[in-house]
Amino acid sequence: MEPVTHLLTGACLGRAGLNRKTALATLTLTLATEAPDIDFVAYFGGSVTGFAHHRGFTHTLLGVPFVAGLTLAAVYGIYRLTKNRGRAAQQLPNWKLLYAYAVFGGLMHIFQDFTNNYGVRPFAPFNPKWYSWDIVFILDPFMLFALFLALFVPGLIGLVTSEIGEAKKPFRGRAGAIAALVCLALAIFVRHIEHRRAVNALESITYQGADPVRASAYPGPWNPFAWRGLVETQASFQVLPVDALSGDVDPQKQAVTIYKPEETPVTLAAKESRLGRVYLDWAQYPLVEEAARPEANFHLVRFQDLRFATLTDLRGRIASVLAGHVLLDPQLHVVEESMGAAPRQAKAHQPLP
């Protein structure tokens, strides 16, 4: 999930009642539910390094206690700073309980990331397999709306009541926070049911006379019944919309067919690159093909995971989100590799029109 949903979920967990047990509970939970994303610092080492470590150790069950410790250290630093300025909380913090809250927040982060289609590796390094539920878009507007209401409406009510002279109530907003968390749970439940219907619909038909080897469905941000279907057969991939409510699937009219490219010495060499090994370890529906033919016999190989390729991308032959590129010289040695846009050297080698 994107950072705002993580942060607001932590704040709601605190306001739902955990803040009644110890001071700094809401602060700890808010920071802890976002803390695993500290792995973004790996991107300072380049796009491939960042990609290799994204949702890595900090998103594992083994890493959660360490991330919780870092979170608690940050909370303690904030506590000491405010105390030195004479603004410390009246209630003394229970540091053991706050550490347990930080662990809980880290686990909640991993669970929320598991619900989308990027996936997590919670059991690494012992089991490095990626797991994804594929039911929630990375930014769900309904979840965000529920969380915003829960956190900001009680504050507005507090401002109004203070203006008319009513005493401020402690722990305001508990009911709204609980309601928001219930909404999140219901949204996940509905998404799961509709996801199962979409996958069943995709698996129930043939594609160009071939039975599906496997099928998946991926959500959009708005309509819980509209899914992007992805089906693999022995010879091709089929990307098409599917209506979970009606079970409507029409591969003859709506599907984009991508035939599996043949392996070549160029693509095999690209797969042996660092990016290639990391990418193929993560991708569930990898498509590896030569994307262009720069001059001087240089070779540009593009890596895509069709989980993130939209129908518009595929019809226009546009690189999907989270595509990677490897540039090879005439001897098939790696010249450059990167996530996102094609390497700069590849552009420099493009022949003039």
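Residues numbered from 1 in each chain as written. Predicted model: local features only at pLDDT ≥ 70, side-chain atom pairs only at ≥ 80, totals over all residues. Heavy atoms only, no water.

A.B. asks: Explain the overall build of the protein here, please?
C.D. replies: Summing up its helical and strand segments, the protein has 12 helices and 8 strands in all. In the protein, of all internal contacts separated by at least 6 residues, the share reaching a separation of at least 24 is 59%. (Helix = DSSP H or I, 4+ residues; strand = E, 2+ residues; numbered from the N terminus. Contact = heavy atoms within 4.5 Å.)

A.B. asks: How should the layout of surface pockets be read in this particular structure?
C.D. replies: Any empty space left between the atoms is revealed when a probe the size of a water molecule rolls over them. The volume enclosed by the largest pocket comes to roughly 630 Å³. Along its surface, the largest pocket is lined by 34 residues, and Asn117, Phe137, Pro219, Gly220 and Arg228 are the ones closest to its centre. Contributing elements (two or more residues each) for the lining of the largest pocket: β1 (214–219), β2 (226–232), β3 (236–243) and α11 (311–315). Element by element, the count of residues in the lining of the largest pocket is highest for β3, at 4 residues. (1 Å grid on protein atoms, 1.4 Å probe; cavity = no way out; pocket = protein on both sides within 12 Å on 5 of 7 lines; lining within 4 Å. Points joined across faces, edges and corners; volume = space filled by probe spheres on them.)

A.B. asks: When you look at helix α1 (residues 3–15) in this model, what are you seeing that I'm missing?
C.D. replies: The α-helix advances 3.6 residues per turn, and as a result positions three or four apart in sequence lie on the same side. Along its 13 residues, α1 runs 19 Å from first to last C-alpha, staying within 8% of the 18 Å computed at 1.5 Å per residue. Buried residues of α1: Thr5, His6, Leu8, Thr9, Gly10, Ala11, Cys12, Leu13 and Gly14, and no others. Two to three positions downstream of the cap, the backbone nitrogen of Val4 sits 2.9 Å from a side-chain oxygen, assigning the N-cap of α1 to Glu2. The first or second residue beyond α1 is Gly17, which carries a positive phi of 145°. (Expected span 1.5 Å × (residues − 1). Buried < 20%, exposed > 50% of the residue type's maximum accessible area, 1.4 Å probe, protein only. Polar contact = N/O pair within 3.5 Å; in protein donor to acceptor, adjacent residues only side chain to side chain.)

A.B. asks: Please explain the sheet that holds strand β4 (residues 256–259) as it appears in this structure.
C.D. replies: With antiparallel pairing, the 4 strands of this open sheet are ordered in space as β1-β2-β3-β4. Whereas interior strands pair on both sides, the edge strands pair on one side only; in this sheet they are β1 and β4. The mean angle between the axes of side-by-side strands here comes to 20°, regardless of whether they run parallel or antiparallel. Each of β1, β2 and β3 touches helix α7 (residues 174–203); the most contacted strand, β1, lies at about 140° to it. (Pairing = 2+ DSSP bridges. Axes fitted to C-alpha atoms, helices over the stretch in contact; angles between N-to-C directions.)

A.B. asks: Could you clarify how one ought to interpret the pairing of β4 in this entry?
C.D. replies: Along any regular strand the residues' side chains alternate between the sheet's two faces. Covered by surrounding structure in β4 are Val256 and Ile258 only, the residues Thr257 and Tyr259 on the alternate face being uncovered. Relative to β4, β3 runs antiparallel, the two being bridged by 4 bridges. Across the sheet, the residue bridging to Phe237 is Ile258, located in β4.

A.B. asks: What is the right way to look at the side chain of His299 in this model?
C.D. replies: One can find His299 in strand β6 (residues 299–305). In terms of polar contacts, His299 uses its side chain to reach the side chain of Glu290, at 3.4 Å.

A.B. asks: Teacher, can you tell me more about a nonpolar patch on the surface here?
C.D. replies: Residues Ile38, Phe40, Val41, Tyr43, Phe44 and Leu70 make up a contiguous nonpolar surface patch of about 660 Å² in total accessible area. By the element assignment, Tyr43 lies in the loop between α2 (25–32) and α3 (47–53). (Patch = residues over 30% accessible without salt bridge, like charges linked within 9 Å, V, L, I, M, F, W, Y side chains within 5 Å. Areas by Shrake-Rupley, 256 points an atom, 1.4 Å probe, with all protein chains shown as cover. Salt bridge = Lys/Arg side-chain N within 4 Å of Asp/Glu carboxyl O.)

A.B. asks: Just checking my understanding: could you explain the packing of α2 against helix α4 (residues 64–84) for this structure?
C.D. replies: Running from N to C, α2 and α4 cross one another at 140°; their axes reach a closest spacing of 10 Å. Viewed along their axes, α2 and α4 adopt a mutual orientation that is oblique. The two elements α2 and α4 cross, and the hand of that crossing is right-handed. Residues Leu27, Thr28, Leu31 and Ala32 of α2 form the contact with α4, whose participating residues are Thr71, Val75 and Ile78. (Parallel < 35°, antiparallel > 145°, perpendicular 65-115°, else oblique. Left-handed = near helix turned anticlockwise from the far one by under 90°.)

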